[in-house]
Amino acid sequence: MSPAEALRAERAERAEGAERRPGPLWSLGLLRSELLTTFRRWRTLALLTVLAAVPVLIGIAVKLETDDGSSAGGGGEGPAFISQITNNGLFLVFTALAATLPFFLPMAIGVIAGDAVAGEASSGTLRYLLVAPAGRTRLLLTKYATVLAFCLVATLVVAVSALAVGALLFPLGELTTISGTRIGLAEGLARALLIALVVAASLIGVAALGLFVSTLTNSGIAAMATTVGLLITVQILDQIPQLDAVQPYFFSHYWLSFADLMRDPVYYEDLVRNLGLQAAYAVVFGSAAWARFTAKDITA
Amino acid sequence: MGEPPATEPVRPDRPDQPDRPDRPDQLKRQDRPEREEREPAGDAVIVTRGLTKRYRGGQLAVDGLDLTVPAGSVFGFLGPNGSGKTTTIRMLMGLIEPTSGTAHVLGRPMPHAARAVLPRVGALIEGPALYGFLSGRDNLLRYDAADPAADPRTRRVRVAAALDRVGLTAAAGKKAKAYSLGMKQRLGLAAALLRPRRLLVLDEPTNGLDPQGMREIRTLVRELASDGTTVFLSSHLLDEIEQVCTHAAVMARGRLIRQGAVADLAAGTRGRLVVTTPDPQEAARVLKERGVGDVVVAEDRVTGEPPDGEIADLNRALVAEGVRVRGFGRERPSLEDAFVALTGEGFDVAG
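As the structure is a prediction and not an experimental result, all values here were calculated from the model.

**Student:** Can you lay out the sheet that holds strand 13 (residues 293–298) of chain B for me, pointing to particular residues and giving the numbers?
**Tutor:** Residues and elements named next belong to chain B. The strand order across the open sheet formed by four strands is 13-14-12-15, and the pairing between neighbours is antiparallel. The open sheet has two edge strands with one neighbour each: strand 13 and strand 15 (327–330). On average, adjacent strands in this sheet sit at an angle of 15° to one another, irrespective of strand direction. With four bridges connecting them, strand 12 (residues 273–276) and strand 14 (residues 301–305) associate as antiparallel partners. Residue pairing in the sheet places T276 in a bridge with R301 of strand 14. The strands touched by helix 9 (residues 280–289) within the sheet are strand 12, strand 13 and strand 14, with strand 13 carrying the most contacts at an inclination of about 175°.

**Student:** Give a description of the sheet that holds strand 11 (residues 255–261) of chain B that names residues and reports values.
**Tutor:** Residues and elements named next belong to chain B. Pairing in this open sheet of six strands is mixed, and the strands run 7-8-9-4-10-11 from one edge to the other. Edge positions in the open sheet fall to strand 7 (121–124) and strand 11, since each of these has one partner strand only. If you compare each strand with its neighbour and ignore which way they point, the axes differ by 10° on average. Of the strand pairs in this sheet, strand 4 (residues 74–78) and strand 9 (residues 230–235) are connected by five bridges, and their pairing is parallel. Looking at strand 9, one finds that L78 is bridged to S235. Strand contacts of helix 1 (residues 85–92): strand 4, strand 8 (199–203), strand 9 and strand 10 (247–252), with the helix running at about 150° to strand 9, the strand carrying the most contacts. Most of the contacts of helix 5 (residues 181–192) go to strand 7, to which it runs at about 165°, and overall it touches strand 7 and strand 8.

**Student:** Hey, could you go over the side chain of N139(B) for me, with residue numbers and the actual values?
**Tutor:** Residues and elements named next belong to chain B. With respect to the helices and strands, N139 occurs in helix 3 (residues 136–146). A distance of 2.7 Å separates a polar atom in the side chain of N139 from the backbone nitrogen of Y131. Excluding residues that lie within four positions of it along the chain, N139 makes contacts with L130, Y131, L134, A176 and L187.

**Student:** Outline empty space enclosed by the protein, listing residues and values.
**Tutor:** Here the structure, examined in full by the defined rule, presents three cavities of 30 Å³ or more. Empty space within the largest cavity amounts to approximately 130 Å³. Around the largest cavity sit 14 residues that line it, and Y128(A), V131(A), A132(A), A191(B) and R197(B) are the ones nearest its centre. Broken down by element, the residue count for the lining of the largest cavity peaks at three residues, all from strand 7 of chain B. By residue class, the composition of the lining of the largest cavity is nine nonpolar, one polar and four charged.

**Student:** Give a description of the confidence of the model for chain A that names residues and reports values.
**Tutor:** Looking at chain A, pLDDT values average 86 and 89% of them are 70 or higher. With pLDDT under 50 throughout, residues 13–17 of chain A is counted as low confidence; its partners more than four residues away or in other chains account for five contacts.

**Student:** Explain the packing of aromatic side chains to me, using residue names and the numbers behind them.
**Tutor:** Residue and element names in this part refer to chain A. On inspection of all chains with the given rule, the structure shows 12 aromatic pairs over all chains. Centroid distance F103 to F104: 6.3 Å. Interplanar angle 70°. Geometry classified as edge-to-face. By way of ring pairs, the aromatic residues F212, F251, W255, Y281 and F285 are connected into one cluster.

**Student:** So what's going on with unusual backbone geometry? Residues and values would help.
**Tutor:** Note that the residue after A132(A), namely P133(A), is joined by a cis bond; omega there is 0°. Tracing the sequence through the fold places P133(A) in the loop between helix 6 (125–131) and helix 7 (136–169). Omega for the bond connecting M110(B) with P111(B) falls within 30 degrees of zero, at 5°, which places this linkage in the cis form. Looking at the element boundaries, P111(B) is found in the loop between strand 6 (108–110) and helix 2 (114–117). Backbone geometry places R253(B), a non-glycine residue, at a positive phi of 50°.

What counts, and where the lines are drawn
- Residues numbered from 1 in each chain as written.
- Chains lettered and ligands numbered in written order.
- Predicted model: local features only at pLDDT ≥ 70, side-chain atom pairs only at ≥ 80, totals over all residues.
- Heavy atoms only, no water.
- Pairing = 2+ DSSP bridges.
- Helix = DSSP H or I, 4+ residues; strand = E, 2+ residues; numbered from the N terminus.
- Axes fitted to C-alpha atoms, helices over the stretch in contact; angles between N-to-C directions.
- Contact = heavy atoms within 4.5 Å.
- Polar contact = N/O pair within 3.5 Å; in protein donor to acceptor, adjacent residues only side chain to side chain.
- 1 Å grid on protein atoms, 1.4 Å probe; cavity = no way out; pocket = protein on both sides within 12 Å on 5 of 7 lines; lining within 4 Å.
- Points joined across faces, edges and corners; volume = space filled by probe spheres on them.
- Nonpolar A, V, L, I, M, F, W, Y, C, P; charged D, E, K, R; others polar.
- pLDDT = per-residue confidence, 0-100.
- Phe/Tyr/Trp six-rings, centres within 6.5 Å; stacked < 30°, edge-to-face > 60°.

Structure follows, in structure tokens:
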């Protein structure tokens, strides 16, 4: 080794020695960056705005319809709980969640989850994240955690917007459960929060499915469209009576079970089934996404 | 150093490296895969053996590549578009799994040891890719956060230093989608310089740059190389390789045609004899008599293929015959001559 080379090697060694050992928490830097990046996107904010607007529209519609003294939702039409809103604004939270859960919420999740990996691939940023090196498993876990965070935020946006509109347009107070018993406002709020959490958890399955689809293609748009398409297909199939043998396996089958939290005592059976089904979807499609993503040639 | 060398085993069947004959100990290395991550300077930074990639659909993109990149070199990876350069780089960076063969980077196998190797490698692969809705600075912060071995406490300082190094400090707050192509390229380069690197892999780094931008990149590459960083530079521009590289490899249609020191590569082709004289016809006659082939006269310049042997004797003959000689010498062969000689074809750059 020539003296110049030795000097160079020594310098390199010193530079490396001066560096601190990587801490275990450094790994979370990517999650923080991912959350910041996702929630700073114009598209994410637009989705959240649409979701926040749904309770406003429902609230105004109910208010206008009932101003002449008639009751809302006439003969039991419309989303669950809608006829109770005029008595208690808190019911707008339940109505808004029941109205957005079948389509608006999962569609928003489908967009974010579908874009998670495929969007990075189509913009080319995926290869730079991987040579950083983000690590494929770490990146996928980070993406899934971010999509789940979006599920929670999206649901809370609907719930909080509904609560604000409900409090503004209608009286708040004691409320009557589906079982006919009366509970105080504080307990009503607690149940509303619980329901929001259950609704957010109901989206875990769609999130995993969307992430899996996202690992299959290099086109963010294709992944989003596929995920939303699957969502609509499953929703339609869930309505066809002849398919009742397979329907319990559809991720959306027990979605509306969150209403059981408004019974007194709470009826847990379908709630548990729903959460179990979501966990199963997360495991199956999470593993599939992992298997696909860790073995994939990154050519984009 | 005192540490035992810790590279992955170098298989004894490796061919000789004409450019590094001073390292016979490479053949005696024992297998110590996980002991120590550093490997001594002076070793090969990239070693591939029989590296092959066949894409689904049967297209053979890279075919049995045996590449050796010495440490501290500026290594030009040369070939027309579509010759397999980018596929090779993607395999070296662990983005693509080879169909067969092995690739070692910084002494560790890829893609297996990507987590240990890549933090010490900076890369610019097939042009920059940025988040258009983020500022230049935020783009770098994100890429740095993706590296689990990067210290978050020094992140902002390192990002600022990288931006400064490529001259983007003033534009750091601008959204990346407002950047010109040259600025994007420089931001991509800044991402490769976020931490001190042992190896820089730059795939067509001057693509889309104006002459001034190209000069800046070349200066930067020379600076980095003088700090001891090995630079692996792919290009389809011969003069670019000739200007900055110490070593080069030539690819064509997925195969490695030749590799070695740039001077040796060009030496494979002999330069033409050039005589400048006010008596060109006379000079041409004398040179032909002495066995010079393909003699061409152009005004006061006579050129030809010299025969084997001492060419100074030709000069003596010219003078003895009364030919007045103004200039006499061998034209330095260019890498382009070498490439044409090696591949038997021109350096056709399409698209």
